[in-house]
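Breakdown of the fold
Listed below, chain by chain, are the residues.
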Amino acid sequence: MNKTIIIADDNSALCGSIRDFIDSQDGYEVVGVAPNGVKAIELVNAYQPDFLILDIVMPELDGFGVLSALEGRKPTVIMMSQLATDGFVQKAMQLGASYFLAKPFDYNALLRVMDGFSTPTRQPQTRKNKNLDERIANLFISVGIPAHIKGYQFLREAIKMTIETPDIINSITKRLYPGIAEHYQTSPSKVERAIRHAIEVAWNRGKIENINNVFGIKIYSPNEKPTNGEFIALVADKLLLECA
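A few points on the structure. (Residues numbered from 1 in each chain as written. Predicted model: local features only at pLDDT ≥ 70, side-chain atom pairs only at ≥ 80, totals over all residues. Heavy atoms only, no water.)

As for the pairing of strand β4 (residues 76-81)
Among the 6 residues in β4, 6 count as buried, and that is most of the element. Because side chains alternate across β4, one face comprises the buried residues Thr76, Ile78 and Met80, and the other comprises Val77, Met79 and Ser81, equally buried. Pairing geometry for strand β3 (residues 51-55) and β4, over 5 bridges, is parallel. Of the residues in β4, the one forming a bridge with Ile53 is Ile78. Regarding topology, helix α3 (residues 63-69) serves as the crossover connection from β3 to the parallel β4, and that connection is right-handed. (Buried < 20%, exposed > 50% of the residue type's maximum accessible area, 1.4 Å probe, protein only. Helix = DSSP H or I, 4+ residues; strand = E, 2+ residues; numbered from the N terminus. Pairing = 2+ DSSP bridges. Right-handed = clockwise from strand over helix to strand, strands pointing away.)

Observations concerning the pattern of salt bridges
All chains considered together, the criterion is met by 6 salt bridges. Asp23 is the partner of Arg19 in a salt bridge, and the nearest nitrogen-oxygen pair spans 3.8 Å. Of the two residues, Arg19 and Asp23 are both situated in helix α1 (residues 12-23); the distance of 4 residues between them amounts to about one turn of the helix. For Arg19, a relative accessible area of 32% translates into the label partly exposed. Judged by relative accessible area, Asp23 falls into the partly exposed class, the value being 40%. (Salt bridge = Lys/Arg side-chain N within 4 Å of Asp/Glu carboxyl O.)

What to know about unusual backbone geometry
Cis geometry is adopted by the peptide bond preceding Pro104, which originates at Lys103 and carries an omega value of -10°. Take Pro104: it is sitting in the loop between β5 (99-102) and α5 (107-117). You will see that Gln48, though not glycine, has its phi angle at about 45°, which is positive. Along the chain, the position of Gln48 falls in the loop between α2 (37-47) and β3.

Description of the layout of surface pockets
The computed volume of the second largest pocket comes to approximately 280 Å³. Every residue lining the second largest pocket is counted, 19 residues in all, and those nearest its centre are Tyr99, Ala109, Arg112, Lys150 and Gln153. When residues of the lining of the second largest pocket are traced back to their parent elements, those giving at least two are β5, α5, α7 (150-164) and α9 (188-204). Counting residues per element, the lining of the second largest pocket draws most heavily on β5, which supplies 4 residues. (1 Å grid on protein atoms, 1.4 Å probe; cavity = no way out; pocket = protein on both sides within 12 Å on 5 of 7 lines; lining within 4 Å. Points joined across faces, edges and corners; volume = space filled by probe spheres on them.)

Thoughts on the sheet that holds β5
Reading across the sheet, the 5 strands line up as β2-β1-β3-β4-β5 and stay open at both edges, with parallel pairing between neighbours. Sheet topology places β2 (28-34) and β5 at the edges, where each strand pairs with a single neighbour. Strand-to-strand, the axes of this sheet are offset by a mean angle of 20°, without reference to chain direction. Two strands pair when backbone bridges link them, and strand β1 (residues 3-8) and β3 are joined in this way by 4 bridges, in the parallel orientation. Residue pairing in the sheet places Ile6 in a bridge with Leu52 of β3. The strands touched by α1 within the sheet are β1, β2, β3 and β4, with β2 carrying the most contacts at an inclination of about 165°. (Axes fitted to C-alpha atoms, helices over the stretch in contact; angles between N-to-C directions. Contact = heavy atoms within 4.5 Å.)

Side note on the packing of aromatic side chains
Remark: the centre distance and the inter-plane angle together describe each pair of aromatic rings, the angle taken between the planes. For the structure shown, the criterion picks out 7 aromatic pairs. Both rings, one in Phe21 and one in Tyr107, keep their centres 5.5 Å apart while their planes meet at 50°; by these two values the pair is tilted. Of this pair, Phe21 sits in helix α1 while Tyr107 sits in helix α5; the two residues are 86 residues apart in sequence, bridging distant segments of the chain. Note on Phe21: relative accessible area 15%, which makes it buried. Judged by centre distance (5.1 Å) and plane angle (80°), the ring pair of Phe140 and Tyr152 falls under edge-to-face. Placement of the pair is Phe140 in helix α6 (residues 123-143) and Tyr152 in helix α7, with a sequence separation of 12 residues. The residues Phe140 and Tyr152 share a single accessibility class, namely buried. Counting every residue linked through ring pairs, the aromatic cluster contains Phe21, Phe105 and Tyr107. (Phe/Tyr/Trp six-rings, centres within 6.5 Å; stacked < 30°, edge-to-face > 60°.)

Some remarks on the environment of Tyr107
Each C-alpha atom, one on Tyr107 and one on Ile22, is 8.5 Å from the other, the two residues being 85 residues apart in sequence. Non-local contacts of Tyr107, meaning those with residues more than four positions away in its chain, are made with Leu14, Ser17, Ile18 and Phe21.

Okay, structure coming up:
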């Protein structure tokens, strides 16, 4: 069965372009297009889609208003906007968005994001994975890793893989990076560099106190950064302990 999608943006040309691209892919179907936030809510209530691709700036009700108004079974929300500043990204994630794409974006990147949320699993595992995605997103917000950089999705995938298979962290270059690279159709070296960049972004923002607060102890100072493997293992261990 196809995953259903609603697109909400007042740019009709962009909506048409995204719709044509998605409808040309196997496994996905656009069931509605909304030119404003009010119509977006109506379509979500009517169709109960799997995904809502949502702009921020729209007439009548903006994307944040839509996120706040969604009730019941909520779709996976992928925000898209030129307003990709930290404040907007963090607010979107705090209101329940699952991902943020900065305009303009490659439609193949959108497809990869949807594929990442569409991995077939049994229903209980789907709920578990959604909870894990939300917890990782909240943690990334706390430590200052923005959702619109490529390393965000690679780092998220690395943490999830480490939680599922803890010993993979001991084969980071032979198994972890290649596994992520295969999923996102890129190279292991690009995965490594993007994850390193994501960690450096957090450190360069000076959110070391937040980082230490997240882990409950003072681990780092502004002058010492963890390796990719150390950071992935630290986050994975924290999330595993929370589930224990």
